[in-house]
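Below, each chain spelled out in residue letters.
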Amino acid sequence: MLDVLPRLPDDPILGLAAACRADPNPQKVDLTLGIYMDDEGVCPVFGAISEAQTALVAEEISKAYLPPAGVADFNNGMQRLVLGQDSAALADGRVSSIQAPGGCGALRIGAEIIQAAAPGAKVWVSDPTWPVHIPLLGSVGLTFETYRYYDASTHGVNFDAMVEDLKQAGSGDLVLLHGCCHNPCGADLSMDQWETIGSMAEAQGFMPFIDIAYQGLGDGLEADAAGLRHLAARLPEMIVAASCSKNMGLYRERTGCTIFLCKDKDNADALLSQAKVAARRVYSMPPAHGALLAGRVLADAALTSQWQDELETMCARINGLRSDLVLKLQEATGRDFEFIRKEKGMFSFLGLSADQVKDLREKHSVYMLGSSRINVAGVNSRNIDYLAKAIADVI
Ligand code: LMR
């Protein structure tokens, strides 16, 4: 029975990261997977998380299951972090949330709920989007349409085309939006553009489904959630999948949360009951460690402030690397790379061809995705000159 299954190709992101790990070249540069790395090339543990962990380990007397919705301090903290302390929806009690295994688990629970409410519903996804979105949501039974988003010639959002395409999104459709720091292109909507999407959602009746995996890595925790909060303030319903992988460095701890913004409190309670049943059916119980740590950080003012300072330092380093990269690439190639400075978060599309990306990998051991998406945080003071020269060589 099992021998009918063929070997599948490697994941487009994880396969490249593995190829880079296996490359013996000491000068190799890993710009593949979206993880933050410091100037030593290490993905660090936040000091605030370390402190929370020391306290947790000292106090923990049991590894019994968590309740099905997860850690209460985590859920409450995430609702406030994402929707804002002064969110009217929170004050009205029309929000519920469930802890999920990472941002992916959060997306999956969102998809399960959508499929239960409207089987086979159409989800509009940006072109391009994170390659896991479609298989992750589609395996539940949702269907897809794409809307144009990134314009390679301007290195920015083609908002006219996005609006043109989303005019066809109707009542019962979902529009998947990246809350901030678009993955893969780094080009985000302006506040005016979020407002236009809000007006379209009101007029046409589609529901936003927001993936926010990089809050705090673009313009800061508050600014990065401003578009999402604008929609939350004017729309009756919305689903948000939030992740602490990047902004708390909890990648392997699978720490995420699905937030339901509903018409009223009864509906929010009903959605939570649905989400618990969906989780039970898919993976049964939430993982504990990451959410216990994040919950502690979010519930303790001193740890919250320490974490925010660390996150700001991280974000400033990424933005500094963007400026350094612009200068080094302009020096090495004579071309204009100013667009890198304007993008948000960890990623940038360099605009290289698939052949140039392949040459970089084969001739210089520089690894990036086939689309020429780079993880800017993979650049450091030791590899930046080598990287710029290698790129100049292939173009
Ligand atoms: C990425 O896009 O590199 C990250 O979101 C990690 C992943 O799981 O793909």
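Under the domain assignment, the chain is made up of domain 1 (2–45 + 304–394) and domain 2 (65–299). For domain 1 versus domain 2, the separation of C-alpha centres amounts to 26 Å. With 23 residues of domain 1 in contact, the opposing surface of domain 2 contributes 26 residues. For the pair domain 1 and domain 2, the summed buried surface comes to about 2,200 Å²; carbon and sulfur atoms form 66% of the total. If you sort the residues of domain 1 by the area they bury against domain 2, Trp-307, Lys-344 and Phe-349 come out on top, with a joint share of 31%. Here Asp-219 and Lys-344 are joined by a salt bridge, their closest N and O atoms 3.1 Å apart. In this assembly, domain 1 and domain 2 are joined by 7 residue pairs in polar contact (both at pLDDT 80 or more). Broken down by secondary-structure element, the contributors of at least two residues to the side of domain 1 that touches domain 2 are helix H13 (301–333) and strand S11 (347–349). Considering every element that reaches the side of domain 1 that touches domain 2, the biggest residue donor is H13, with 8 residues. Along the lines of polarity and charge, the residues of the side of domain 1 that touches domain 2 split into 14 nonpolar, 6 polar and 3 charged.

Another aspect to go through is helix H3 (residues 72–83). Helical periodicity: at 3.6 residues per turn, an α-helix aligns residues three or four positions apart in one direction. Counted at 1.5 Å a residue, the expected span for H3 with its 12 residues is 16 Å, and the 16 Å between its end C-alpha atoms agrees. Of all the residues in H3, the buried ones are Phe-74, Asn-75, Gly-77, Met-78, Gln-79, Leu-81, Val-82 and Leu-83.

The next point concerns the packing of H3 against helix H12 (residues 289–299). The angle between the axes and the distance between the axes are what describe a pair of packed helices. Where H3 meets H12, the axes come as close as 8 Å, and the angle between the chain directions of the two elements is 60 degrees. Classified by the angle between their axes, H3 and H12 sit oblique to one another. For the element pair H3 and H12, the recorded crossing hand is left-handed. Of H12, the residues touching H3 (which contributes Asp-73, Phe-74, Gly-77, Met-78 and Arg-80) are Ala-291, Ala-294, Gly-295, Leu-298 and Ala-299. Looking at the contact of H3 with H12, its residues break down into 6 nonpolar, 2 polar and 2 charged.

Our focus in this paragraph is the sheet that holds strand S10 (residues 255–261). Here we have 7 strands laid out as an open sheet, ordered S2-S10-S9-S8-S7-S3-S4, and mixed in their pairing. What marks the edges here is a single partner per strand, and that holds for strand S2 (95–101) and strand S4 (143–148). On average, each strand axis in the sheet is inclined to that of its neighbour by 25 degrees, with strand direction left out of account. Two strands pair when backbone bridges link them, and strand S3 (residues 122–127) and S4 are joined in this way by 6 bridges, in the parallel orientation. From the neighbouring strand, Trp-124 faces S4, where its bridge partner is Glu-145.

Rules of the game
- Residues numbered from 1 in each chain as written.
- Predicted model: local features only at pLDDT ≥ 70, side-chain atom pairs only at ≥ 80, totals over all residues.
- Heavy atoms only, no water.
- Domains from an automatic or database assignment.
- Contact = heavy atoms within 4.5 Å.
- Buried area = accessible area lost by both parts, 1.4 Å probe.
- Salt bridge = Lys/Arg side-chain N within 4 Å of Asp/Glu carboxyl O.
- Polar contact = N/O pair within 3.5 Å; in protein donor to acceptor, adjacent residues only side chain to side chain.
- Helix = DSSP H or I, 4+ residues; strand = E, 2+ residues; numbered from the N terminus.
- Nonpolar A, V, L, I, M, F, W, Y, C, P; charged D, E, K, R; others polar.
- Expected span 1.5 Å × (residues − 1).
- Buried < 20%, exposed > 50% of the residue type's maximum accessible area, 1.4 Å probe, protein only.
- Axes fitted to C-alpha atoms, helices over the stretch in contact; angles between N-to-C directions.
- Parallel < 35°, antiparallel > 145°, perpendicular 65-115°, else oblique.
- Left-handed = near helix turned anticlockwise from the far one by under 90°.
- Pairing = 2+ DSSP bridges.

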